[in-house]
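Here are the chains, one letter per residue:
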Amino acid sequence: VEASTRTFIRINIVHSRYRKIRANLTFPEKYPSEQLVVEITSQGEKGSLAIPVGLKKKLEIESMQACKAVMERREAAKD
């Protein structure tokens, strides 16, 4: 965990010197009523984008779906 506040978390995942992923999670003001914002980035050795655009989009969508499923389970547990 690189940074953390009440509404934001930044996580760095390092697989090797050349393979690094950063995930930013932003919690909206009305969370969990509003969806979590997930941003995934990666930089190669020279600062270039290392994650293909399609894969990045897929990872972001899957992260959002997973967060939504957790929110729905929490709401169902309240009832």
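Every chain begins its residue count from 1, and numbering advances along the sequence as written. Under the rules for a predicted model, residues below a pLDDT of 70 receive no local features and side-chain atom pairs below 80 are neither given nor counted, while totals for whole chains, interfaces and linings still include all residues. Side-chain measures here rest on the full set of heavy atoms in the structure, leaving out hydrogens and waters.

Visitor: Before we go on, may I ask you to explain the overall build of the chain in this structure?
Guide: Secondary structure follows DSSP: runs of H or I at least 4 residues long count as helices, runs of E at least 2 residues long count as strands, and numbering of each begins at the N terminus. For the chain, the count of helices and strands is one helix and four strands. Secondary structure elements in the chain, listed N-terminal to C-terminal, are β-β-β-β-α. Exposed residues in this analysis have more than 50% of their type's maximum accessible area, buried residues have under 20%, and partly exposed residues fall in between, with area computed by a 1.4 Å probe over protein chains only. Of all 79 residues assigned to the chain, the portion counted as buried reaches 15%. For this analysis, residues touch if any pair of their heavy atoms sits within 4.5 Å. When contacts within the chain are restricted to residue pairs at least 6 apart in sequence, long-range pairs at least 24 apart make up 19% of them.

Visitor: Hey, could you run me through the confidence of the model for the chain in this one?
Guide: One rule of thumb: low pLDDT means the predicted coordinates there are not for detailed reading. Scored from 0 to 100, pLDDT records how confident the predictor is in each individual residue. Scored by pLDDT, the chain has a mean of 80; 87% of the residues are at 70 or more. When the elements of the chain are averaged for pLDDT, helix α1 (residues 53-78) gives the smallest value, 80, and strand β1 (residues 3-4) the largest, 89.

Visitor: Hey, could you run me through the sheet that holds strand β4 (residues 37-42) in this one?
Guide: The pairing of strands in a sheet comes from backbone hydrogen bonds and takes either a parallel or an antiparallel form. At least two DSSP bridges between two strands are required for those strands to pair. If you trace the four strands from one edge of the open sheet to the other, you get β1-β2-β3-β4, paired in antiparallel fashion. A strand with exactly one partner marks an edge of an open sheet, and here the two such strands are β1 and β4. One ladder, built from two bridges, connects β1 with strand β2 (residues 8-16); its direction is antiparallel. Opposite Ser4, over in β2, you have Ile9 as the bridge partner.

Visitor: Can you walk me through the packing of aromatic side chains in this structure?
Guide: The description of an aromatic ring pair rests on the distance of the ring centres and on the angle between the ring planes. Whether two aromatic rings pair depends on their centres lying within 6.5 Å, for rings of Phe, Tyr and Trp, where Trp uses its six-membered ring; planes under 30 degrees apart make the pair stacked, over 60 edge-to-face, and the rest tilted. Counting across every chain of the model gives one aromatic pair. Ring centres 5.0 Å apart and planes at 80° place the aromatic pair Phe27 and Tyr31 in the edge-to-face group.

Visitor: Looking at this structure, how should I read the pairing of strand β3 (residues 19-26)?
Guide: Alignment of β2 against β3, held across eight bridges, turns out to be antiparallel. From the neighbouring strand, Ser16 faces β3, where its bridge partner is Arg19. Between β2 and β3, which pair antiparallel one after the other, the connecting turn spans two residues. Where β3 meets β4, six bridges bridge the pair, whose relative direction is antiparallel. Note that in β4 the partner of Leu25 across the bridge is Val38.

Visitor: What should I look at first to understand the pattern of salt bridges in this one?
Guide: If charged atoms from side chains of opposite charge come close, those side chains can pair. The salt bridge definition used is simple: a Lys or Arg side-chain nitrogen within 4 Å of an Asp or Glu carboxyl oxygen. Using the criterion set out here, one finds three salt bridges in the structure. Of the charged contacts, one joins Glu2 and Arg10 as a salt bridge, the two residues approaching to 3.6 Å between their closest N and O atoms. By relative accessible area, Glu2 is classed as partly exposed at 41%. We note a salt bridge from Glu2 to Arg22, for which the minimum N-O separation is 3.1 Å. With Glu2 in the segment before β1 and Arg22 in strand β3, this residue pair connects regions lying 20 residues apart in the sequence.

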